[in-house]
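Letter by letter, the chains look like this.
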Amino acid sequence: MIEILDIHKSFGSLEVLKGIDLKLEHGKVLVIIGPSGSGKTTLLRCLNLLEVPDRGSIILGDAKIDFTGVKKVPQNSVLSLRRKTGMVFQSYNLFPHMTVLGNIMEGQITVQKLPKEEARKRALALLDKVGLSDKADSYPHQLSGGQQQRVGIARAMAVEPEVLLFDEPTSALDPELVGEVLKVIKQLAAEGMTMVIVTHEMKFAADVADKIILMDNGNILEEGTPKEVLEHPKSPRALQFLSRLSGE
Amino acid sequence: MDDRKIQILMDSLLPLLKAGVAFTIPLTLVSFAIGLILAVITALARLSSWRIPKLIARFYVWVIRGTPLLLQLFIIFFGLPTVGIILDPFIAAVIGFSLSVGAYSSEIVRAAIISIHKGQWEAAFSVGMTRGQALRRVILPQATRVTVPPLANSFISLVKDTSLAASITYVEMLRTAQQIAVTYEPLLLYCEAGVIYLLFSTVLSALQNYLEKRFDRYSAS
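A quick note: this is a predicted structure, and the numbers were derived from the prediction, not measured.

## A look at the packing of aromatic side chains
Residues and elements named next belong to chain B. Tallying each qualifying case throughout the model produces seven aromatic pairs over all chains. Pairing Phe-74 with Phe-78 gives two aromatic rings, centres 5.4 Å apart and planes at 70°, and the pair type is edge-to-face. Here the residue Phe-74 and the residue Phe-78 both occupy positions in helix α3 (residues 69-79), the gap between them amounting to four residues, near one helical turn. Geometrically, the ring pair formed by Trp-121 and Phe-125 is tilted, given 6.0 Å between the ring centres and 40° between the ring planes.

## Describing the sheet that holds strand β7 (residues 163-167) of chain A
Residues and elements named next belong to chain A. Sheet architecture is open: six strands sit in the order β6-β7-β8-β3-β9-β10, paired in mixed fashion. Where the open sheet ends on each side, the last strands, each with one partner, are β6 (85-88) and β10 (219-224). Between one strand axis and the next, the sheet turns by 20° as a mean value, whatever way the strands run. Pairing geometry for strand β3 (residues 29-33) and strand β9 (residues 211-216), over four bridges, is parallel. Within β9, the residue paired with Ile-33 across the bridge is Leu-214. Strands in contact with helix α5 (residues 145-158) are β6 and β7; relative to β6, the strand with the most contacts, it is inclined by about 170°.

## Overview of the sheet that holds strand β5 (residues 63-66) of chain A
Residues and elements named next belong to chain A. Taken together, four strands build an open sheet; the order of strands is β2-β1-β4-β5 and the sheet is antiparallel. In this open sheet, the two edge strands, each paired with only one partner strand, are β2 (14-24) and β5. The sheet shows a mean angle of 15° between the axes of neighbouring strands, taken without regard to direction. Sheet topology note: the strand β1 (residues 2-11)/β2 ladder contains eight bridges and is antiparallel. Within the sheet, the bridge partner assigned to His-8 lies in β2 and is Lys-18. Against the sheet, helix α2 (residues 75-82) touches β4 (55-60) and β5, its axis set at about 130° to β5.

## So, the pattern of salt bridges
Under the criterion given, the structure shown has 17 salt bridges over all chains. Taking the shortest distance from any N to any O, the salt bridge between Glu-51 of chain A and Arg-45 of chain A comes out at 3.2 Å. Residue classification places Glu-51 of chain A among the buried positions, given a relative accessible area of 16%. Across the pair Lys-84 of chain A and Asp-62 of chain A runs a salt bridge, and its minimum N-O distance is 2.9 Å. With Lys-84 of chain A in the loop between α2 and β6 and Asp-62 of chain A in the loop between β4 and β5, the pair connects residues that are 22 residues apart, well separated along the chain. Relative accessible area serves as the criterion here: at 70%, Asp-62 of chain A is assigned to the exposed category. Within this structure, Arg-45 and Glu-51 of chain A together with Lys-118 and Glu-122 of chain B form a network of salt bridges that share partners.

## Section: the confidence of the model for chain B
Interpretation of this model should avoid reading the predicted coordinates in detail wherever pLDDT is low. Residues and elements named next belong to chain B. On average, chain B scores 89 in pLDDT, and the residues at 70 or more come to 97%. Looking at the elements of chain B, mean pLDDT is at its lowest for helix α7 (residues 173-181), recorded as 82, and at its highest for helix α5 (residues 118-126), recorded as 97. In the model output, the complex is listed with pTM 0.84 alongside ipTM 0.93.

## So, unusual backbone geometry
Residue and element names in this part refer to chain A. The phi angle at Glu-168 is positive, at roughly 45°, despite the residue not being glycine. As for its placement among the helices and strands, Glu-168 is situated in the loop between β7 and α6 (175-190). Positive phi is not limited to glycine here, since Asn-217 has a value of about 55°. Take Asn-217: it is sitting in the loop between β9 and β10.

## What about the environment of Met-105 of chain A?
Residue and element names in this part refer to chain A. Take Met-105: it is sitting in helix α3 (residues 100-111). The exposure class assigned to Met-105 is buried, which follows from its relative accessible area of 8%. As for Met-105 and Lys-121, which are separated by 16 residues in sequence, their C-alpha atoms are 9.2 Å apart. In this structure Met-105 touches Lys-116, Ala-119, Arg-120 and Ala-123, once residues within four positions along its chain are discounted.

What counts, and where the lines are drawn
- Counting from 1, residues in each chain are numbered in the order their sequence is written.
- Following the order in which they are written, the chains are lettered starting with A and the ligands numbered starting with 1.
- Given that this is a predicted model, residues contribute local features only at a pLDDT of at least 70 and side-chain atom pairs are listed and counted only at 80 or more, while totals for whole chains, interfaces and linings are drawn from all residues.
- Water and hydrogen atoms play no part in the side-chain values, which are based on all heavy atoms of the structure.
- Note on ring pairs: Phe, Tyr and Trp rings are taken, using the six-membered ring of Trp, and paired if centres are within 6.5 Å. Classes follow the plane angle, with under 30 degrees stacked, over 60 edge-to-face and the rest tilted.
- Runs of E in the DSSP output that reach at least two residues are strands. Runs of H or I that reach at least four are helices, and both are numbered from the N terminus.
- Strands are treated as partners if at least two bridges between them are detected by DSSP.
- Note on geometry: axes are lines fitted to C-alpha atoms, helical ones only across the stretch in contact, with angles between N-to-C directions running from 0 to 180 degrees.
- Residue contacts are defined here by distance: any two heavy atoms, one from each residue, within 4.5 Å place the two residues in contact.
- Here, a salt bridge means any Lys or Arg side-chain nitrogen found within 4 Å of an Asp or Glu carboxyl oxygen.
- Remark: exposure states derive from per-residue accessible area (1.4 Å probe, protein chains only) relative to the maximum for the residue type, with buried under 20%, exposed over 50%, and partly exposed in between.
- Per-residue confidence from the predictor is reported as pLDDT, a score between 0 and 100.

Rendered as structure tokens:
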């Protein structure tokens, strides 16, 4: 289970998160939507401490970190939280000097200290899951964007995280490649993977989410089931944002 | 060219090559290896968030870059004995050249590390790596590729710079040429030494090409 309490984050004088509270049960999918600059990516990045919140606390499984009044979060706490999460990036960020298999094995070998053979076996199984068994020995630059992103998903899963974080996983993709990536994410959802997804794909959000939050200006504007948020938003701001999207 | 000159050329070729292989090359290799380690340490110190190592690294680069290499060699070899530190010419030369390579190359290494996209650090962190692990497994291997051309440049410069060791009595190739040239044909001998230096540099350039190609296998361009 993930619980975040009163998370605040500023970049200089700009307050990007203004006290976010959120709870997500194990095995559920949370989708974060909102206009650009609303703080949704920052919130996601706070969950694995790529951004360190200024205030508030995060609880993930048995890891609990309180940021209030803390100057520097101890490295142990940072690592313990990061090792419970996996992240899929908008621009994939695969390791270009490693093969596809190497990318997926890297965390298991370097971080989890698994024997090479076992890491390899697990990596191959994951590669099969994302439908890229034949690309094991390719380098990232030899793959299409959609394939790279599926490798990114396999890499994130390889360290067996309790929750997977997706930062606009399809935004950098050509339209015809979006489907293959969304399909993999949907499959993970069906298997009961806990996920937090920042996306602009509304139809996908409606399909996959157990819960949606709509952020605006560093606050949560709407929160609820896809039906509640997407079809019956309460605030005029949310209505405006959603109608602009559907107008596209 | 008369027979005497050809004879001198032939007679001096072996001693010159020998001096090159036995003295110039070892001095270059040892100095470069130590210099590279110094360069990485210095670059990391400059990039770290610790104040003291950062200051020390900056001071080191500032001093070495700002003074002539020949002067540094003189201080190490002729100056240090006055405070009781007497060094073998080879050791003195290694210290001087290593410090020089370390300072100049640290800038190359630093620039290469900075050039790696921030997303690579984040991806490494996201699979749970520490900073050190990310550096070792993800950042440095990619930075290495960026450093090959400029470091090859430094390496080739170093081969030639080792001739400065002649001035602190280290009998490398130039000094050997000097010793023979005193009695015979200076123009001929220095040109001969020049050709041998050229030969060494050419081999190294070929090595550089090979390394660049090898690293190219994972880049799209």
